[in-house]
Amino acid sequence: MTEPTLHEVKVPRIRQWEPWFFVGPSLLLLLAVGLYPTVFVAYFSFHNWTMGMGPPVFNGFDNYIETLTSSDFISSILRTFLFLIVTLPIELCLGLSIALALDQTRNAWLRRLVQILLVVPIATTPSVVGMLVQLMFNTQLGVVNYGLHVLGIAPIDWLGNAHAALGMVMMTQIWEWTPFVALVLSASLATVPQDIEEAITLETESFWARFRYIKLPFLRPGLVASIVFQTIFTIKTFDMIYSVEKGGPGDATQMIALHIERIAFRGFDVGLASAESVLTLIVTIVLAQTVVSFLYKDEV
Amino acid sequence: MTKHKLLSLGHGLFLGFIALIIIFPFYWMIASSLKTENQIFQLPPVWLFKPHFASYAAAIVNDNILRALLNSLIVTVGAVALGIAVGAPAAYGLARYTFRGSSQIQFWYVTNWMLIPVVVLIPFYLLAANLRMIDNPIVLILIYQTFVVPVVVWLLVDQFRAVPIALEEAALLDGMSKFGIFLRITLPLTVPGITVAAILAGIFAWNDLLYAFILTPGTDARTAPTVMMSYLGGYIIPWGRVMASAVMITGPVVVGGIAINKYIARGLTLGAVK
């Protein structure tokens, strides 16, 4: 038996152009503001050029060699990853707890309140957060050390001590982004069908069993999305940390984006900053491409 | 019964604690903006005080914060308007047509969303400096498209798909052009979705510090988040004024964020989370 086949309908030429009429302007704009600068960065990365110091001179892979052997660049990368591997698990655990708490039926108005409040840290201007951190974590007169004093803990030199400063920006990052994880996981929990939930509630009292066998499978896409996007957001992090101490004290909180900014706009070494940009870009694109395809596999 | 009450109490305490952690820095910001310079650093903290609005007046007079807010508003509205003008048709094209490369194009928007800002900043700065366009809001409006367009496109594709195709076919039979259908039939039906996309993209545009303090650093051109950085230069930080400015800067975005709180997760993950 032969399968019935549909004859391909010949689409007139004019119809083929129609989608480009709609999509084209945005593509041209993004090519201009996104891709074109990226190409330029790649070009500069093979040149020795300091802003305001004569024309760029081709120097092959010198910038890349300098970058990869510079302890400053490597330590910024490592610091960014340390920042990520400390904050991300805490954000996931705390975010999941909040999402599960919001999924309960008790304390309805409090749940609604928290749901709305979760948006606040995400929406708040990061540079304002940075200034607020400086005020609240002031060593002698800040409210955080006052709180520690009430608990009988000696004051911590948050802004002056390198380890304390890194801890401080980590806590701030967790404050800013745990709500995002909570909201994403909350949305995933909302996809658990009502009847399945009711059925399992009749079946078992055990919270763990209900979580492990019913909720977790529905949470998986949300967890993946949280990890992926939080990784991206962390690599992009600039505003909050910059407005706390511009990466200081010393280079204690200098993440990769701050490092590149410093080389480019305070050291004016465009060539070197471009090489670092290209390397960072490659890491992010590889990361993005590997995850995007399966993250959106239901789409398109 | 008692076990139920205990669970309820624990649940309430946990959520109450979370609410407190979120709110406290905000309380501190608003309270500090209404305290005198002495009261701000008084320990133990003064919880009850007579609100004093001198910091707001000082921020307006000394720091020209209103000008910065106006600059932010111009840049934000401009960036969102441009992003929707090109992004909404793009979303419509992707929603209504399947063509060679359409899915690759849709993912390419995501790649832009993941772009590290500092990477595009360097050549953009050099270009703007060459064209003598530093301190020109148009530069910011253009560079913000790297994140405005992806948000608008991804949020609107689903919106357009949800509009029944029968409506468009009826209009087509009436002789309306494809673009006319998009503009007069489909677009008006998705105004709520466009509003959400506009607010979300607007929050990011308003909050940006990195692009703004490099590309529009001038006193008359700087945007509101840049003003925050200007306080760091001085010997003594005038905390009352800083916090008064902070309240004025965050007010609009917090209100905007709360207005679209149901869509934040979906928006930030570009639709990966339903």
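This is a predicted model, so every value here is computed, not measured. (Residues numbered from 1 in each chain as written. Chains lettered and ligands numbered in written order. Predicted model: local features only at pLDDT ≥ 70, side-chain atom pairs only at ≥ 80, totals over all residues. Heavy atoms only, no water.)

A. Just the overall build of chain A, in detail. Helices and strands together make up the secondary structure of chain A, namely 13 helices and two strands. Against the 2.2 N^0.38 benchmark of 19 Å for 300 residues, chain A shows a C-alpha radius of gyration of 25 Å, more extended than a compact globule. Projected onto its principal axes, the C-alpha positions of chain A cover 75 × 70 × 30 Å. Counting over 300 residues, chain A shows a buried share of 53%. (Helix = DSSP H or I, 4+ residues; strand = E, 2+ residues; numbered from the N terminus. Rg over C-alpha atoms; globule rule 2.2 N^0.38 Å. Buried < 20%, exposed > 50% of the residue type's maximum accessible area, 1.4 Å probe, protein only.)

B. The overall build of chain B, seen in detail. When you go through chain B residue by residue, the secondary structure sums to 15 helices and zero strands. With the C-alpha coordinates aligned to their principal axes, the bounding extent of chain B is approximately 75 × 70 × 30 Å. Contacts in chain B between residues far apart in sequence, at least 24 positions, make up 73% of those at least 6 positions apart. As displayed, chain B has an accessible area near 11,600 Å², and 69% of this comes from carbon and sulfur atoms. Averaging the positions of the 16 positive and the 9 negative side-chain charges in chain B gives two centres separated by 9 Å. (Contact = heavy atoms within 4.5 Å. Areas by Shrake-Rupley, 256 points an atom, 1.4 Å probe, with all protein chains shown as cover. Lys, Arg positive; Asp, Glu negative; His and termini not counted. Charge placed at Lys NZ, Arg CZ, Asp CG, Glu CD.)

C. Expanded view of the packing of aromatic side chains. According to the stated counting rule, one finds 42 aromatic pairs over all chains in the structure shown. By the ring-pair criterion, three or more aromatic residues cluster together here, those being Trp177, Phe180, Phe229 and Phe233 of chain A together with Trp113, Tyr144, Phe147, Phe204 and Tyr211 of chain B. When the ring centre of tyrosine 213 of chain A is taken as reference, the NZ or CZ atom of arginine 212 of chain A above it lies at 5.1 Å. Taking the ring centre of tryptophan 28 of chain B as reference, the NZ or CZ of lysine 35 of chain B above it sits at 4.6 Å. (Phe/Tyr/Trp six-rings, centres within 6.5 Å; stacked < 30°, edge-to-face > 60°. Lys NZ or Arg CZ within 6 Å of the ring centre and 35° of its normal.)

D. Expanded view of the interface of chain A and chain B. Contact residues are listed per partner, giving 96 residues for chain A and 102 residues for chain B. A buried area of about 8,800 Å², summed over both sides, lies between chain A and chain B, and 81% of it is on carbon and sulfur atoms. Seen at the junction of chain A and chain B, the total is zero salt bridges. For the pair chain A and chain B, the interface holds 13 residue pairs in polar contact (both at pLDDT 80 or more). Looking at the side of chain A that touches chain B element by element, the count peaks at 22 residues for helix α1 (residues 13-44) of chain A. (Buried area = accessible area lost by both parts, 1.4 Å probe. Salt bridge = Lys/Arg side-chain N within 4 Å of Asp/Glu carboxyl O. Polar contact = N/O pair within 3.5 Å; in protein donor to acceptor, adjacent residues only side chain to side chain.)

E. Structural detail: the side chain of glutamate 276 of chain A. Residues and elements named next belong to chain A. By the secondary structure assignment, glutamate 276 is in helix α13 (residues 270-295). Among buried charged residues, glutamate 276 stands out as having no salt bridge; its nearest opposite-charge side chain is arginine 262, 7.8 Å away. Not counting chain neighbours up to four residues away, the residues in contact with glutamate 276 comprise Thr67, Phe73, His259, Ile260 and Ile263.

F. Local environment of the pattern of salt bridges. Residue and element names in this part refer to chain A. Scanning all chains against the criterion turns up eight salt bridges over all chains. A salt bridge links arginine 79 to aspartate 251, with the shortest nitrogen-to-oxygen separation between them at 3.8 Å. You can see arginine 79 sitting in helix α3 (residues 71-102) and its partner aspartate 251 sitting in the loop between α11 (239-245) and α12 (256-265), a full 172 residues away along the chain. Overall, the relative accessible area of 13% leaves arginine 79 in the buried class. Arginine 266 is the partner of glutamate 261 in a salt bridge, and the nearest nitrogen-oxygen pair spans 3.0 Å. Assessed through its relative accessible area of 2%, glutamate 261 is described here as buried. Judged by relative accessible area, which is 37%, arginine 266 ranks as partly exposed. Among the charged side chains, a network of salt bridges with common partners joins Asp103, Glu197 and Lys215.

G. Broad picture of the UniProt feature "domain: ABC transmembrane type-1" (unreviewed entry) in chain B. UniProt's feature table lists "domain: ABC transmembrane type-1" (unreviewed entry) at residues 69-260 of chain B, given in the numbering used throughout. As annotated, residues 69-260 of chain B comprises 78% helix and 0% strand, and the C-alpha atoms at either end are separated by 22 Å. (UniProt positions renumbered as here; feature names shortened; annotations may be inferred.)

H. Region of the structure containing the UniProt feature "transmembrane region" (unreviewed entry) in chain B. Residue and element names in this part refer to chain B. Within this numbering scheme, the UniProt entry marks residues 12-30, 73-95, 107-126, 138-157, 181-206 and 236-260 as carrying the feature "transmembrane region" (unreviewed entry). A distance of 33 Å separates the end C-alpha atoms of residues 181-206, which is 96% helix and 0% strand. Here residues 236-260 is 84% helix and 0% strand, with 38 Å between the C-alpha atoms at its ends.

I. How the structure looks around the side chain of serine 33 of chain B. All names here are of chain B. Secondary-structure assignment places serine 33 in helix α1 (residues 2-34). Note on serine 33: relative accessible area 0%, which makes it buried. In terms of polar contacts, serine 33 uses its side chain to reach the side chain of tyrosine 56, at 2.7 Å.

J. Structural context of α12 of chain A. The buried fraction of α12 of chain A is high, at nine of 10 residues. If you check which residues of α12 of chain A are buried, you get Ile256, Ala257, Leu258, His259, Ile260, Glu261, Ile263, Ala264 and Phe265 of chain A.

K. The arrangement of the nonpolar core in detail. The biggest cluster of nonpolar side chains holds 185 residues, and the ones touching the most others in it are Tyr109 and Tyr144 of chain B. Top contributing element to this core by residue count: helix α8 (residues 162-189) of chain A, with 15 residues. Ignoring any residue separated from it by four or fewer positions in sequence, one finds tyrosine 144 of chain B in contact with Val75, Ala79, Ala205, Asp208, Tyr211 and Ala212 of chain B. (Core = buried A, V, L, I, M, F, W, Y, C linked by side-chain atoms within 4.5 Å.)

L. Main features of a nonpolar patch on the surface. A contiguous nonpolar patch, built from Tyr36, Phe40 and Tyr43 of chain A together with Leu127 and Leu131 of chain B and spanning about 460 Å² of accessible area, is present on the exposed surface. Among the elements that line the nonpolar patch, the one with the most residues is α1 of chain A, at three residues. Structurally, the position occupied by tyrosine 43 of chain A is in helix α1. (Patch = residues over 30% accessible without salt bridge, like charges linked within 9 Å, V, L, I, M, F, W, Y side chains within 5 Å.)

M. Spatial organisation of the packing of α1 of chain B against helix α14 (residues 239-259) of chain B. Residue and element names in this part refer to chain B. Across the interface, α1 lies against α14 with an axial gap of 8 Å and an inter-helix angle of 130°. Here α1 is positioned oblique relative to α14, judged by the angle of their axes. The two elements α1 and α14 cross, and the hand of that crossing is left-handed. Across the interface between the two elements, Phe26, Met29, Ile30, Ser32 and Ser33 of α1 pack against Gly240, Met243, Ala244, Ala246, Val247, Thr250 and Val254 of α14. Across the contact of α1 with α14, the residue classes tally to eight nonpolar, four polar and no charged. (Axes fitted to C-alpha atoms, helices over the stretch in contact; angles between N-to-C directions. Parallel < 35°, antiparallel > 145°, perpendicular 65-115°, else oblique. Left-handed = near helix turned anticlockwise from the far one by under 90°. Nonpolar A, V, L, I, M, F, W, Y, C, P; charged D, E, K, R; others polar.)

N. View of the environment of alanine 244 of chain B. Residues and elements named next belong to chain B. One can find alanine 244 in helix α14. Residue classification places alanine 244 among the buried positions, given a relative accessible area of 0%. The sequence separation of alanine 244 and serine 32 amounts to 212 residues, and the corresponding C-alpha distance is 7.9 Å. Apart from the residues within four sequence positions on either side, alanine 244 is in contact with Ser33, Ser55, Tyr56 and Ala59.

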